[in-house]
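# Residue-level structural notes
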Amino acid sequence: MIEWTEHLEMAAGEEEVRAIWKVADAVCFDVDSTVIQEEAIDELAKFCGKGDEVAKLTREAMRGSVNFQQAFAHRLDIIRPQMNQIRDFIRTKPPRLTPGIKRLVDVLHQRSVPVYLISGGLRGVITPVALELSIPLQNIYANRLKFFFNGEFAGFDENEPTSRNGGKGEVIKMLKEKHGYSNVVLIGDGATDLEACPPADAFIGYGGNVMREEVKSKAKWFVTDFKELIDAL
């Protein structure tokens, strides 16, 4: 009986999210393992010869088992990317868009729904993704690296909300206050996405690139193909 009750509650929850999705007045996407197929910071670490050390920390951060800002700072301290390395990485290892994302964003734009990219990743890596998807650069909320005049790594901007736990929620709250949105949908694959609803009005878990059980079990609506979201509009 308990299992059947839980099943009914989950079904009702999914219908509620689907209803909000149909009338969304803004859609926010996580980027790494959602809009793109990889975790960009892991790819950057591989590019800089620090792949194995960083990948472990990324897995822990995405599960929500460690403080996000501490994990982010630790990973960057291991990589310590120079400005020219970032440029070479973006030029030679461009992110791979997740199948179906371009079509989904195009459909949202055709419906005059603004699309935002909210990421705990690096703004410099996300900018080409936004350009490819015709998303205005001012709709990117992500982390900025700091460099010394000689191009050496100097840390990151800790004032960016996306650099800390709860940051995605801060951005969504700000967007709602600034633009008056009342049906904001957030789509993502990780714990930092799940925790941002509320203030997001609905959360859709995405598992097409990486299946995170804790997100799948807690998301009221979980998809593995963006076509499902297009069909539901």
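This report concerns the structure included in the present document. Computed from a predicted model, the values in this text were never measured in an experiment.

Attention now moves to the pattern of salt bridges. If charged atoms from side chains of opposite charge come close, those side chains can pair. Scanning all chains against the criterion turns up 16 salt bridges. A salt bridge links Glu 16 to Lys 220, with the nearest nitrogen and oxygen atoms 3.7 Å apart. Placement of Glu 16 in helix H1 (residues 2-22) and of Lys 220 in the loop between helix H11 (213-218) and strand S8 (221-223) is noted, with a sequence separation of 204 residues between them. Among the ionic pairs, Glu 38 bridges to Arg 96, the shortest N-O distance being 3.0 Å.

What follows is about the nonpolar core. In globular proteins that are soluble, nonpolar side chains generally tend to be buried together. Of all hydrophobic cores here, the largest spans 55 residues; its most connected members are Trp 21, Phe 29, Val 35 and Ile 187. Among the nonpolar cores identified, the runner-up in size contains 18 residues, and Tyr 116, Leu 175, Tyr 181 and Phe 222 belong to it.

Another aspect to go through is the packing of helix H3 (residues 40-47) against helix H6 (residues 83-92). Close contact between H3 and H6 brings their axes to 11 Å; oriented N to C, the two are set at 110 degrees. With respect to each other, H3 and H6 are oriented roughly perpendicular. Here H3 and H6 pass one another in a crossing that is right-handed. Where H3 approaches H6, its residues Ala 40, Glu 43, Leu 44 and Phe 47 are matched on the opposing element by Gln 85, Ile 86, Asp 88, Phe 89 and Thr 92. Partitioned by chemical class, the residues of the contact of H3 with H6 number 5 nonpolar, 2 polar and 2 charged.

Our next topic: the pairing of strand S5 (residues 153-156). In this sheet, S5 lies alongside strand S4 (residues 145-147) in antiparallel orientation, the contact comprising 3 bridges. Among the inter-strand pairings, Phe 147 is bridged to a residue of S5, identified as Phe 153. As consecutive antiparallel partners, S4 and S5 are separated by 5 residues, and within that stretch Gly 151 has a phi angle of approximately 90 degrees, a positive value.

The residue Leu 117 is located in strand S2 (residues 115-122) in this model. The exposure class of Leu 117 is buried, given its relative accessible area of 0%. Along the backbone, Leu 117 and Leu 175 are 58 residues apart, and their C-alpha atoms lie at a distance of 12 Å. Setting aside its immediate chain neighbours within four residues, Leu 117 contacts Phe 29, Val 31, Val 35, Ile 126, Ala 130, Ile 135, Asn 139, Ile 140 and Tyr 141.

Now for unusual backbone geometry. For the peptide bond that leads from Cys 197 to Pro 198, omega is -5 degrees, which places it in the cis range. Take Pro 198: it is sitting in the loop between helix H10 (191-194) and strand S7 (202-206). The omega torsion across Pro 198 and Pro 199 is 15 degrees, close enough to zero to call that bond cis. Here Pro 199 is to be found in the loop between H10 and S7. The backbone phi angle of Ser 33 is positive, close to 65 degrees, even though this residue is not glycine.

Taken together, the buried positions of helix H8 (residues 123-132) are Arg 123, Val 125, Ile 126, Val 129 and Ala 130. Projected onto a plane normal to the axis of H8, the buried residues spread over an arc of 150 degrees and lie on a single side. Buried residues along H8 sit in contact with helix H2 (31-35), H3, H6, S2 and strand S3 (140-143). In the segment just after H8, Ser 134 is the residue with positive phi, at about 60 degrees.

With that settled, consider the packing of H3 against helix H5 (residues 68-79). Interaxial distance between H3 and H5 falls to 10 Å at its minimum, and their mutual angle equals 20 degrees. As judged from the angle between their axes, H3 and H5 are roughly parallel. Viewed along their axes, H3 and H5 form a crossing whose handedness is left-handed. Residue-level contacts link Ile 41, Leu 44 and Ala 45 of H3 to Phe 72, Arg 75, Leu 76 and Ile 79 of H5. For the contact of H3 with H5, the residue count by class is 6 nonpolar, no polar and 1 charged.

The rules behind the values
Residues numbered from 1 in each chain as written. Predicted model: local features only at pLDDT ≥ 70, side-chain atom pairs only at ≥ 80, totals over all residues. Heavy atoms only, no water. Salt bridge = Lys/Arg side-chain N within 4 Å of Asp/Glu carboxyl O. Helix = DSSP H or I, 4+ residues; strand = E, 2+ residues; numbered from the N terminus. Core = buried A, V, L, I, M, F, W, Y, C linked by side-chain atoms within 4.5 Å. Buried < 20%, exposed > 50% of the residue type's maximum accessible area, 1.4 Å probe, protein only. Axes fitted to C-alpha atoms, helices over the stretch in contact; angles between N-to-C directions. Parallel < 35°, antiparallel > 145°, perpendicular 65-115°, else oblique. Left-handed = near helix turned anticlockwise from the far one by under 90°. Contact = heavy atoms within 4.5 Å. Nonpolar A, V, L, I, M, F, W, Y, C, P; charged D, E, K, R; others polar. Pairing = 2+ DSSP bridges. Arc of directions from axis to C-beta.

Shape is all these values report; function is a separate question.
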